[in-house]
Amino acid sequence: MTHEPGRSLWQETTREVLSAPVLTGEVSADLVVIGGGYTGCSAALRAAEMGADVCLLEADSFGAGGSGRNVGLVNAGLWLPPEEINAALGHVAGARLSELLAAAPAAVFDLIKTHQIDCEPVRSGTLHCAHAPSGLKDLHNRHRQLAAIGAPVRLLSRSEAIARVGSDAVHGALFDPRAGTIQPLAYAIGLARAAMAQGARLHAQSPVVSLDRHATGWLVATPGGTVRARHLIMATNAYPQPIAGYAAPASIPVSYFQAATAPLPDDLANEILPQGEGCWDTGLIMSSWRRDRAGRLIIGGMGELSHPAGRVHSNWLRRKLAGMFPALADYPLETQWAGKIAMTTEHIPKIIDLGQGFACFGYSGRGIGPGTLFGRRMADALIGEDPSQLPVPLSHHHRLPFAGLRGAYYETGATLIHLLAERSGSRSPAVDQ
Ligand SMILES: Cc1cc2nc3c(=O)[nH]c(=O)nc-3n(C[C@H](O)[C@H](O)[C@H](O)COP(=O)(O)OP(=O)(O)OC[C@H]3O[C@@H](n4cnc5c(N)ncnc54)[C@H](O)[C@@H]3O)c2cc1C
């Protein structure tokens, strides 16, 4: 494989491709969806399945936002454990959301099967690994909360975790058999393809530049055309491009970057994640690692590559790889890329009521299952005229002062932790954060 600088592994390896025309002229639809990631494509697919006339506008190519850049862990819940979700949403709404999200991986893998999406689906579960002995407390707490709501999660001892991960840098793990991994960009493009096959009209390279609300619906304009629609779903999440007449809800931008090795030779592939689980750790500044279909190891961590401290993060990643898997210390890293996560203060996604429409955002790093679920449920609520389908209570206002500053706080934390690891000369991830 030849690598084009600046392109992600997912762009290099996707077998799903989609050609969608630029919007030109004046069209009308029952529903206009803005943003072609998991949320927008799932909403368009579901609405088209329900018989609605749907128009989906994507500023760039499908999956160009977070959906084409992420780790590809299909989790069965949010970042927060259930009791914290209940504390934020109230017990009834919180328990309902946890129940819906528990079923999200099954829904994702079902959609992949139904629409024959070629996105490397592997349902071998995930391992949330203790990065240091202190991380075990967090895992025990999560295990207790998840087991209490019937999740089939299992705590693995240090030796079990070491054998599953193929690294003695882990101190135990929480195994979730409901979860799995996918090629994330291919999943986004596959959802878009499925929506198109159901009759939705999809337009790439068609950024929405203005939005007007009328008594009977919406008028949406791109540089080349307009769409009149009764309903609207705004699904631009962490990647909103400016739209006149609309203020995108603010979220805290958190940068996360990844790098992929060359495919591992058989002897290493038999040792490192031989069962193909996706992993992340309990570090305050977390990191993740997984394999892909070709046997590459993909490792990532929080941090912004394009700012002055980018080198600190790249150096840290190299050392992290060497610390976790000494056999890979000098193994080539072939691709490196980054993405922006949209965090909310509560770490719970929000649906804002726009009146005859919704804006949905803030998956806080957990958007594959949740984005698929929220997109489908927003379509159910609008086209089926049944707001009770929404997975979270509607928000009528959203203010997040100093969102950019809060993002800088995460970036500073990541830089300091990665710098600390560099100064301590640590090859291992056991800097106890
Ligand atoms: C590095 C990284 C790692 C992650 N890891 C995971 C993980 O392992 N598991 C997991 O579940 N989640 C993960 N996430 C989160 C997940 O990727 C996101 O939550 C999810 O992709 C959000 O999907 P979305 O459709 O809401 O938004 P996006 O995929 O960001 O799509 C928004 C789209 O809107 C388009 N757009 C913006 N403005 C306009 C406009 N004016 N007109 C038209 N289109 C517009 C953009 O071009 C973009 O394509 C990760 C995120 C990142 C960045």
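Being a predicted model, the structure only gives us computed values, none of them experimental.

Conventions we followed
- Residues numbered from 1 in each chain as written.
- Predicted model: local features only at pLDDT ≥ 70, side-chain atom pairs only at ≥ 80, totals over all residues.
- Heavy atoms only, no water.
- Salt bridge = Lys/Arg side-chain N within 4 Å of Asp/Glu carboxyl O.
- Helix = DSSP H or I, 4+ residues; strand = E, 2+ residues; numbered from the N terminus.
- Buried < 20%, exposed > 50% of the residue type's maximum accessible area, 1.4 Å probe, protein only.
- Near = heavy atom within 4 Å.
- Polar contact = N/O pair within 3.5 Å; in protein donor to acceptor, adjacent residues only side chain to side chain.
- Areas by Shrake-Rupley, 256 points an atom, 1.4 Å probe, with all protein chains shown as cover.
- Axes fitted to C-alpha atoms, helices over the stretch in contact; angles between N-to-C directions.
- Parallel < 35°, antiparallel > 145°, perpendicular 65-115°, else oblique.
- Left-handed = near helix turned anticlockwise from the far one by under 90°.
- Contact = heavy atoms within 4.5 Å.
- Core = buried A, V, L, I, M, F, W, Y, C linked by side-chain atoms within 4.5 Å.
- Nonpolar A, V, L, I, M, F, W, Y, C, P; charged D, E, K, R; others polar.
- Disulfide = S-S within 2.5 Å.
- Expected span 1.5 Å × (residues − 1).

**Q** With reference to specific residues and values, describe the pattern of salt bridges.
**A** In the structure shown here, the tally under the stated rule is 17 salt bridges. Between E49 and R376 there is a salt bridge; the shortest N-O distance is 3.1 Å. Taken together, the residues E49 in helix α2 (residues 38-49) and R376 in helix α11 (residues 368-383) connect sequence positions 327 residues apart. Residues E83 and R144 are paired through a salt bridge, measuring 2.9 Å at the closest nitrogen-oxygen approach. With E83 in helix α3 (residues 82-89) and R144 in helix α6 (residues 135-148), the pair connects residues that are 61 residues apart, well separated along the chain. Judged by relative accessible area, E83 falls into the partly exposed class, the value being 40%. Assessed through its relative accessible area of 44%, R144 is described here as partly exposed.

**Q** Would you mind going over the site of the ligand in detail, with residue names and values included?
**A** The ligand sits among 36 residues. The nearest are T39, E58, S67, L73 and Y239. The contact in question runs from an oxygen atom of the ligand to an N or O atom on the backbone of G66, over 2.9 Å. Within the backbone of I368, a nitrogen or oxygen atom sits 2.9 Å from an oxygen atom of the ligand. In the complex, 97% of the free accessible area of the ligand, which totals 1,000 Å², lies under the protein chains.

**Q** Kindly report on the packing of α3 against helix α4 (residues 91-102), identifying the contributing residues and their values.
**A** In contact at an axis separation of 7 Å, α3 and α4 are set at 135° when each is read in the N-to-C sense. The angle between α3 and α4 places the two elements in the oblique class. The way α3 lies across α4 gives a crossing that is right-handed. On α4, the residues that touch P82, I85, N86 and L89 of α3 are H91, A93, G94, A95, L97 and S98.

**Q** Describe the nonpolar core, listing the residues and the values that go with them.
**A** One finds V54 and Y187 to be the most contacted residues of the largest nonpolar core, which totals 54 residues. Secondary structure elements with two or more residues in this core: β1 (25-34), α2, β2 (54-57), α4, α5 (104-114), α8 (184-197), β18 (357-361) and α11. What V54 contacts, discounting residues up to four positions off in sequence, is A29, L31, V33, A44, A47, A48, A200 and R201. Counting 29 residues, the second-largest nonpolar core is a separate cluster that includes A173, A262, L297 and L317.

**Q** Outline the packing of α4 against α11, listing residues and values.
**A** For any two helices packed against each other, the geometry comes down to the angle between their axes and how far apart the axes lie. In contact at an axis separation of 10 Å, α4 and α11 are set at 110° when each is read in the N-to-C sense. The angle between α4 and α11 places the two elements in the roughly perpendicular class. When you trace α4 past α11, the crossing you get is right-handed. Listed contacts from α11 to R96, L97, L100 and L101 of α4 are P370, L373, F374 and R377. For the contact of α4 with α11, the class distribution of residues is six nonpolar, no polar and two charged.

**Q** Before we move on, can you summarise unusual backbone geometry with the specific residues and values?
**A** What you tend to see is this: most non-glycine residues have negative phi, and most peptide bonds are trans. The backbone phi angle of L273 is positive, close to 45°, even though this residue is not glycine. At H347, a residue that is not glycine, the phi angle is positive and equals roughly 65°. With respect to the helices and strands, H347 occurs in the loop between β16 (333-343) and β17 (350-353).

**Q** Give a description of the environment of L80 that names residues and reports values.
**A** Tracing the backbone through its elements, the reader meets L80 in the loop between β3 (73-74) and α3. Taking relative accessible area as the criterion, L80 reaches 12% and is therefore assigned buried. Between the C-alpha atom of L80 and that of D53, which follows or precedes it by 27 residues, the distance is 36 Å. The contact partners of L80, leaving out residues within four places of it in the chain, are I85, R142, E346, H347 and I348.

**Q** Quick one: what's the story with the side chain of T126, residue by residue and with numbers?
**A** Tracing the sequence through the fold places T126 in strand β4 (residues 126-129). Note on T126: relative accessible area 1%, which makes it buried. What T126 contacts, discounting residues up to four positions off in sequence, is N75, L174, F175, D176, A179, G180, E277, G278 and W280.

**Q** Can you lay out the state of the cysteines for me, pointing to particular residues and giving the numbers?
**A** Taken as a whole, this structure holds zero disulfides when the rule is applied. We note that C55 lacks a disulfide partner, and the nearest cysteine sulfur, in C41, lies 13 Å from it. Overall, the relative accessible area of 0% leaves C55 in the buried class. Among the cysteines around C129, which has no disulfide bond, C279 carries the closest sulfur, lying 4.5 Å off.

**Q** Got a sec to walk through helix α10 (residues 310-324)? Specific residues and values, please.
**A** Its 15 residues place the ends of α10 21 Å apart at the C-alpha level, agreeing with the 21 Å of an ideal helix rising 1.5 Å per residue. Within the span of α10, buried status applies to G310, V312, H313, W316, L317, R319, K320, L321, A322, G323 and M324.

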